[in-house]
Amino acid sequence: MTSKEESFRNLVAEHQEMVINTCYRFVFNLEDAEDLAQDVFIEVYRSLEQFREEAKLSTWIYRIAVTKSLDHLRRLKRKKRFSSLKRIIGIEDPSADIASPQDNPAEALVGNEQATILQEALGTLPDSQKTAFLLSKQEGFSNQEIADILKTSVSAVESLVHRAKKNLHDKLYAYYKQQ
Amino acid sequence: MKQEFIMKPHNDNIEAQVAKTMELLDEMKPLKVNHFFRVRLMQRVEKEFGPDSKHSDSFAENRFTLRLAFFTLLIIINIGAAVLSVQQNNRRTTSGISEMLDKLSDDYTGHEFAYYDKSAAYTSDTGSHETQAP
């Protein structure tokens, strides 16, 4: 085993839990979170030599995790839009009939409707607010670390979290009022 | 007042639902990592970066060769373009000279010099007159 592989193994062992949990908070699904975490570490392995020690290694890894998770959510949104467009023009999408992992009660967050509602509401938030809010809810991330991941200041993070909470509250309130 | 009294419990109910939904994130327990996660990851690393992969050294070498070939092609195209433009400039100067010479020769056949032709005709006429004279 090469020294690069050895150090990579140690790095994975150290950060895998945090990376999987970070991805999980964004996608609400274990399988997707694990796949994303794999992509994150592959990216880390690929660009480890290009890593400049301007930031902490952990910050850099979590930044990749956040970017990959946001990309995944964007892809899902696009896919949804495309399949609804297909439905409008009358093309049947066979993949739409297959239950997504979120539909599987065993895999879903708490196996209830609330998780889906929360995810939908989170999906409407701007990326920066969503990221700051979700990371602030995760154990192990201080505001300083979130600021480093988002390449911003602590006060900006506090403001983002505050706005995210307010927006989320308003959206959920409007949703439950309609029911 | 009565309406407010009726509306308030409804609003409180909505607030409670919102709070409960938002609490889901706080209640999320950290996930335990699957034992096979690292095994699968290392297999993927081996597959993508191992000696038989597209990311291996030979691939990098090939990429370098391709880049080199591309730059060489660019240089050749540049030199070719430069040679062509120089040749065109030369052609333009030679054609300029020939045009100037043509103009010079044209000058003698212009209207200004038409006199000589007429006078020539005149002398021949006078010549005929002279011959006609006794």
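What you are looking at is a predicted structure, and each value in this text was computed from that prediction instead of being measured.

Let's talk about the overall build of chain B
The helix and strand tally for chain B stands at 4 helices and 0 strands. Across chain B, helices and strands are ordered from the amino to the carboxyl terminus as α-α-α-α. Within chain B, buried positions represent 3% of all 134 residues.

Observations regarding the overall build of chain A
Summing up its helical and strand segments, chain A has 8 helices and 0 strands in all. Reading the helices (α) and strands (β) of chain A from amino to carboxyl end gives α-α-α-α-α-α-α-α. Taken across its 179 residues, chain A has 30% of its residues classed as buried. Here the analysis covers contacts within chain A between residues at least 6 apart in sequence; of these, 62% occur between residues at least 24 apart.

Observations concerning the packing of helix H1 (residues 3–27) of chain A against helix H3 (residues 57–89) of chain A
Residue and element names in this part refer to chain A. Two elements in contact, H1 and H3, have axes separated by 9 Å at closest approach and are oriented at 30°. As judged from the angle between their axes, H1 and H3 are roughly parallel. When the axes of H1 and H3 are compared, the crossing they make is right-handed. Residues His-15, Met-18, Val-19, Thr-22, Cys-23, Phe-26 and Val-27 of H1 form the contact with H3, whose participating residues are Ser-58, Ile-61, Tyr-62, Ala-65, Val-66, Ser-69, His-72 and Leu-73. Taken together, the residues of the contact of H1 with H3 sort by class into 10 nonpolar, 5 polar and no charged.

Quick look at the nonpolar core
Membership of the largest hydrophobic core comes to 40 residues, with the highest contact counts inside it found for Val19(A), Cys23(A), Ala37(A), Val40(A), Ala65(A) and Ala132(A). Elements with a contribution of two residues or more to this core: H1, helix H2 (30–47), H3, helix H5 (113–123), helix H6 (127–136), helix H7 (143–150) and helix H8 (154–178) of chain A together with helix H2 (36–49) of chain B. Per-element tally for this core: the top contributor is H1(A), with 8 residues. For this core, the two domains that each supply at least three residues are domain 1 (1–105) and domain 2 (112–179) of chain A. Apart from the residues within four sequence positions on either side, Val19(A) is in contact with Ala37(A), Val40(A), Ile61(A) and Ala65(A).

A short note on H2(A)
Look at H2(A): 26 Å from first C-alpha to last across 18 residues, which is about the 26 Å you get at 1.5 Å a residue. For H2(A), the full list of buried residues reads Asp32(A), Ala33(A), Glu34(A), Leu36(A), Ala37(A), Gln38(A), Val40(A), Phe41(A), Val44(A) and Tyr45(A). Where H2(A) is buried, its residues meet H1 and H3 of chain A together with H2 of chain B.

Focus: the interface of chain A and chain B
Across the contact, 26 residues belong to chain A and 21 residues belong to chain B. Going through the elements one at a time, H1, H2, H5 and H8 of chain A are the ones with two or more residues in the side of chain A that touches chain B. For the side of chain A that touches chain B, a count of residues per class yields 16 nonpolar, 5 polar and 5 charged.

As for H6(A)
All names here are of chain A. Most of H6 is tucked away, with 7 of its 10 residues classed as buried. Buried within H6 are the following residues: Gln-129, Lys-130, Thr-131, Ala-132, Phe-133, Leu-134 and Leu-135. Residues of H6 that are buried in the fold lie against H1, H3, H5, H7 and H8.

Observations regarding the packing of H6(A) against H7(A)
All names here are of chain A. At a minimum axis distance of 10 Å, the contact between H6 and H7 shows a crossing angle of 150°. Handedness of the crossing formed by H6 with H7: right-handed. Together, Ser-128, Thr-131, Ala-132, Leu-135 and Ser-136 of H6 and Ile-146, Ile-149 and Leu-150 of H7 make up the contact between the two elements. When grouped by side-chain class, the residues that make up the contact of H6 with H7 number 5 nonpolar, 3 polar and no charged.

Remarks on unusual backbone geometry
Within the chain, Phe28(A) stands out as a residue other than glycine whose phi angle is a positive 60°. Phi is positive for Lys151(A), which is not a glycine, with a value near 55°.

What to know about the confidence of the model for chain B
Atomic detail in the predicted coordinates should be set aside for any region of low pLDDT. This prediction gives chain B a mean pLDDT of 74; 63% of its residues lie at or above 70. The secondary structure element of chain B with the lowest average pLDDT is helix H4 (residues 114–132) of chain B, at 49, and the one with the highest is H2(B), at 91.

Topic: the environment of Leu122(A)
Residues and elements named next belong to chain A. One can find Leu-122 in helix H5. Considered as a pair, Leu-122 and Phe-26 are 96 residues apart in the sequence and their alpha carbons are 8.9 Å apart. Setting aside chain neighbours within four positions, we find Leu-122 in contact with Lys-130 and Leu-168.

Analysis parameters
- Here, residues in each chain are numbered from 1, in the same order as that chain's written sequence.
- Note on labels: chains are lettered from A, ligands numbered from 1, in written order.
- Reporting in this predicted model follows two pLDDT cut-offs: at least 70 for local features of residues, and 80 or more for side-chain atom pairs to be given and counted; totals over whole chains, interfaces and linings ignore these cut-offs and use all residues.
- Secondary structure counts use DSSP, requiring at least four H or I residues in a row for a helix and at least two E residues in a row for a strand, with both numbered from the N terminus.
- Every C-beta atom is placed from the backbone, and the number of other C-beta atoms within 10 Å of a residue's own sets its class: buried at 20 or more, exposed at 12 or fewer, partly exposed in between.
- We call two residues in contact if the C-beta atoms placed from their backbones are at most 7 Å apart.
- The axes are straight lines fitted to the C-alpha atoms, using for helices just the contacting stretch, and the angles between their N-to-C directions are given from 0 to 180°.
- Roughly parallel means an angle under 35 degrees; roughly antiparallel, over 145; roughly perpendicular, 65 to 115; everything else is oblique.
- The sense of a crossing depends on the near helix, which, turned anticlockwise from the far helix by less than a right angle, makes the crossing left-handed and, turned clockwise, makes it right-handed.
- Throughout, the ten residues Ala, Val, Leu, Ile, Met, Phe, Trp, Tyr, Cys and Pro are labelled nonpolar, Asp, Glu, Lys and Arg are labelled charged, and all others, Gly among them, are labelled polar.
- Buried Ala, Val, Leu, Ile, Met, Phe, Trp, Tyr and Cys residues whose C-beta atoms connect them within 7 Å together make up a nonpolar core.
- Residue ranges assigned to each domain were obtained from an automatic or database domain assignment.
- Here the expected length of a helix is defined as 1.5 Å per residue gap, with one fewer gap than residues.
- Per-residue confidence from the prediction method is given by pLDDT, with values spanning 0 to 100.

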